[in-house]
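Close look at the chain arrangement
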Amino acid sequence: MINYTKYLNDNGFVIYLFHGVIQNNPYKVRNYNLKHINADYFTKFIQKASQEGNPVSMPEIVAASTGKFEMPEKAFAVTFDDGFANNYSIAAPILRSFNVPATFYITTDFIVSNAMSWIDMIEYAVENTDKRHFNLAGTNNLIEIGSKKQKIDLLEEIRQIVKNDHKIDPIEFASNFCSSLGISDFNPDPSLDLKMTWEQVFELHNDPLFTIGGHTHTHRNMAFLDLKELREEISVSLELLKENLKCKIEHYSYPEGLSNCYSDNVIDELKKQGIICCPTAELGTNSKNDDLFRLKRIPVV
Ligand SMILES: [Zn+2]
């Protein structure tokens, strides 16, 4: 195991970032980047972090910034992005057994329509296609995907291109890409694709150990949106959460979360809509007086 507890320190706090926890992964290509980690590994991580550090919640991190909570030494918070069903079925029971709080940032359209993200659609198609090479729609480039390495290299390249080009609509790109590979039907995998139901999100929300936050409605890069689209992504997600949880939401995280995924405009709009804290996915630790909209996290893989 990578030594993630080395980041724990006496002058600040660490926010760990997860997406999913699964029992096993039978695939060659899917989940190659360990977006979903193994349940035993997650249990060992939580056990080690609780022994060496002190768990805090995201609301406690906010309270500490105004002196209403005294941050313990070697403090750490656990966060999950997106809203996968395995957060509810596998991660939450493990967190409860160690009494470790966590915040779950939910992409509301994933809950409403049990939708797959664009990159999960692409991974699914690359895993399941019979083709060994193909032409990407609209180009003459012949792309080889006969080997596992070629498939993973292609997925890495696609991640780089789509995440950095605001002119590409990721969902449109994914559906064109999947049809180039002859994949139009998706048979989602329960452990990798299933999202939580509203009942499950509500149950987590009602557990005092857990906090629910927003993560946009459709998981678009917030910094790529114009003001109208940005307002709508935030307001639709917050209204759906409020309606289903009977509670106003104050926590949020940026989809993808890297430096090109948020901006002063994004932060202003989140504040206007009542958000008080929004961590990034940029790598690093935090100190008590850091900006609550620029907090860094450590992804655990
Ligand atoms: Zn996300």
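Residues numbered from 1 in each chain as written. Predicted model: local features only at pLDDT ≥ 70, side-chain atom pairs only at ≥ 80, totals over all residues. Heavy atoms only, no water.

1. Some words on the overall build of the protein chain
Helix and strand counts for the protein chain stand at eleven helices and eleven strands. Over its C-alpha atoms the protein chain spans a radius of gyration of 19 Å, differing by no more than 12% from the 19 Å that the globule rule assigns to 301 residues. The C-alpha extent of the protein chain, read off along each of the three principal axes, is 60 × 45 × 35 Å. For the protein chain, buried positions account for 52% of its 301 residues. Each charge class in the protein chain can be summarised by its mean position, and for the 30 positive and 40 negative side chains these summaries are 3 Å apart. (Helix = DSSP H or I, 4+ residues; strand = E, 2+ residues; numbered from the N terminus. Rg over C-alpha atoms; globule rule 2.2 N^0.38 Å. Buried < 20%, exposed > 50% of the residue type's maximum accessible area, 1.4 Å probe, protein only. Lys, Arg positive; Asp, Glu negative; His and termini not counted. Charge placed at Lys NZ, Arg CZ, Asp CG, Glu CD.)

2. Topic: the coordination of the zinc ion
In this structure, Asp82 (OD), His215 (NE2) and His219 (NE2) serve as the protein donors to the zinc ion, at separations of 2.1 Å. Binding-site remark: the zinc ion is held by donors from one chain whose sequence spacing is D-x132-H-x3-H. Linking Asp82 in strand β5 (residues 75-82) with His215 in the loop between β9 (210-214) and α10 (227-245), this pair joins segments that are 133 residues apart in sequence. The two residues Asp82 and His215 agree in class, both being buried. (Donors = N, O, S within 2.8 Å, 3.2 Å for Na, K, Ca; no water.)

3. Looking at helix α1 (residues 39-52)
Think of an α-helix as turning once every 3.6 residues; residues three or four places apart then point the same way. Taking 1.5 Å as the rise per residue, α1 with 14 residues should run 20 Å; its terminal C-alpha atoms sit 20 Å apart, in good agreement. When α1 is considered as a whole, its buried residues turn out to be Ala39, Tyr41, Phe42, Phe45, Ile46 and Ala49. For α1, the arc enclosing every buried residue in end-on projection is 155 degrees, short of the 170-degree limit, so these residues lie on one face. Pointing more than 90 degrees away from the buried face of α1 are the exposed residues Asp40, Lys44 and Gln51. (Expected span 1.5 Å × (residues − 1). Arc of directions from axis to C-beta.)

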